[in-house]
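What follows is the residue order along each chain.
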Amino acid sequence: MAETYRWIERGTERVLWLDDPQQPGARYLAVRPQPGGDDEWFAACRLGPDEPEREVGDGLAGARVAEDVILKYAIKALASAHGVSSAPGIPDEDASDAELVIARLWRVLTERWAPPGAT
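A brief structural summary. (Residues numbered from 1 in each chain as written. Predicted model: local features only at pLDDT ≥ 70, side-chain atom pairs only at ≥ 80, totals over all residues. Heavy atoms only, no water.)

## Let's talk about the pattern of salt bridges
Side chains that differ in sign of charge can pair as their charged atoms come close.
No. 1: Going through the model one piece at a time under the given rule, you end up with eleven salt bridges.
No. 2: A salt bridge links R27 to D97, with the nearest nitrogen and oxygen atoms 3.1 Å apart. Highlighted residues: R27 in the loop between β2 (13–17) and β3 (28–33) and D97 in helix α2 (residues 97–113), separated in sequence by 70 residues.
No. 3: For R27, a relative accessible area of 10% corresponds to the buried category. (Salt bridge = Lys/Arg side-chain N within 4 Å of Asp/Glu carboxyl O. Helix = DSSP H or I, 4+ residues; strand = E, 2+ residues; numbered from the N terminus. Buried < 20%, exposed > 50% of the residue type's maximum accessible area, 1.4 Å probe, protein only.)

Given below as structure tokens:
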């Protein structure tokens, strides 16, 4: 599981691509400033190639809070949609794509909140 996800700046939003962004229907997580908000953000995602974008939460207090919200939402939604566990862990050799994505999303959360040098 060498691949890791990273938030990238794209204009005023921050995006975490789950697939190659050039791929049609690429999955992603995004956080965007709330129009007219004073450091208020909202979170959105596309978790399936044929799905419309989903907005998850608005009026969130800052980009980092919005990132945490969408990461946790994506973990739960992917686990539910694919009938797999949302618990953190190291996936088996025969893990499904959903299990690999969930593990990578947990890694992003862990790296955010772990003390320096712990990851």
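Structure's up, so let's keep going.
## Points about the nonpolar core
No. 1: Judged by nonpolar contacts, the single largest core of 26 residues is most densely connected at L16, L29 and L105.
No. 2: Ranked by residues supplied to this core, first place goes to helix α1 (residues 63–82) with nine residues.
No. 3: If near-sequence neighbours (up to four positions away) are discounted, L29 is found in contact with W7, R14, V15, L16, L18, A44, C45, L47, I70, L71, A74 and L105. (Core = buried A, V, L, I, M, F, W, Y, C linked by side-chain atoms within 4.5 Å. Contact = heavy atoms within 4.5 Å.)

## Re the pairing of β2
No. 1: Burial analysis of β2 places five of its five residues in the buried class, the great majority of the element.
No. 2: Along β2, one buried face is formed by E13, V15 and W17 and the opposite face, lined by R14 and L16, is buried too.
No. 3: Two strands pair when backbone bridges link them, and strand β1 (residues 8–10) and β2 are joined in this way by three bridges, in the antiparallel orientation. Directly across from R10, in β2, lies its bridge partner E13.
No. 4: Counted between consecutive antiparallel strands, the loop separating β1 from β2 contains two residues, among which G11 sits at a positive phi close to 70°.
No. 5: Examined bridge by bridge, β2 and β3 share four bridges and lie antiparallel to one another. Of the residues in β3, the one forming a bridge with L16 is L29. (Pairing = 2+ DSSP bridges.)

## Notes on a negative patch on the surface
No. 1: A surface patch of like charges, here negative, comprises D38, D39, E40, E55 and D58.
No. 2: With respect to the element layout, E40 can be found in strand β4 (residues 40–46). (Patch = residues over 30% accessible without salt bridge, like charges linked within 9 Å, V, L, I, M, F, W, Y side chains within 5 Å. Areas by Shrake-Rupley, 256 points an atom, 1.4 Å probe, with all protein chains shown as cover. Lys, Arg positive; Asp, Glu negative; His and termini not counted. Charge placed at Lys NZ, Arg CZ, Asp CG, Glu CD.)

## Section: α1
No. 1: Between its first and last C-alpha atoms α1 spans 28 Å; for 20 residues at 1.5 Å apiece the expected length is 28 Å, and the two agree.
No. 2: All of the buried residues along α1 are A63, A66, E67, D68, I70, L71, A74, I75, A77, L78 and A79.
No. 3: Elements that come into contact with the buried residues of α1 comprise β2, β3, β4, β5 (54–61) and α2.
No. 4: A positive phi of about 65° marks G83, the residue just after α1. (Expected span 1.5 Å × (residues − 1).)

## Section: the side chain of R112
No. 1: Its place among the elements puts R112 in helix α2.
No. 2: Among the polar contacts listed, one links the side chain of R112 to the backbone oxygen of R64, at a separation of 3.2 Å.
No. 3: Ignoring sequence-local partners within four residues, the contact set of R112 consists of W7, R64, E67, D68 and L71. (Polar contact = N/O pair within 3.5 Å; in protein donor to acceptor, adjacent residues only side chain to side chain.)

## Quick look at α2
No. 1: Taking 1.5 Å per residue as the helical rise, α2 with its 17 residues ought to reach 24 Å, and the 25 Å between its terminal C-alpha atoms agrees with that figure.
No. 2: Within the span of α2, buried status applies to A98, V101, I102, A103, R104, L105, V108, L109 and R112.
No. 3: Of the surrounding secondary structure, the elements contacted by the buried residues of α2 are β2, β3 and α1.

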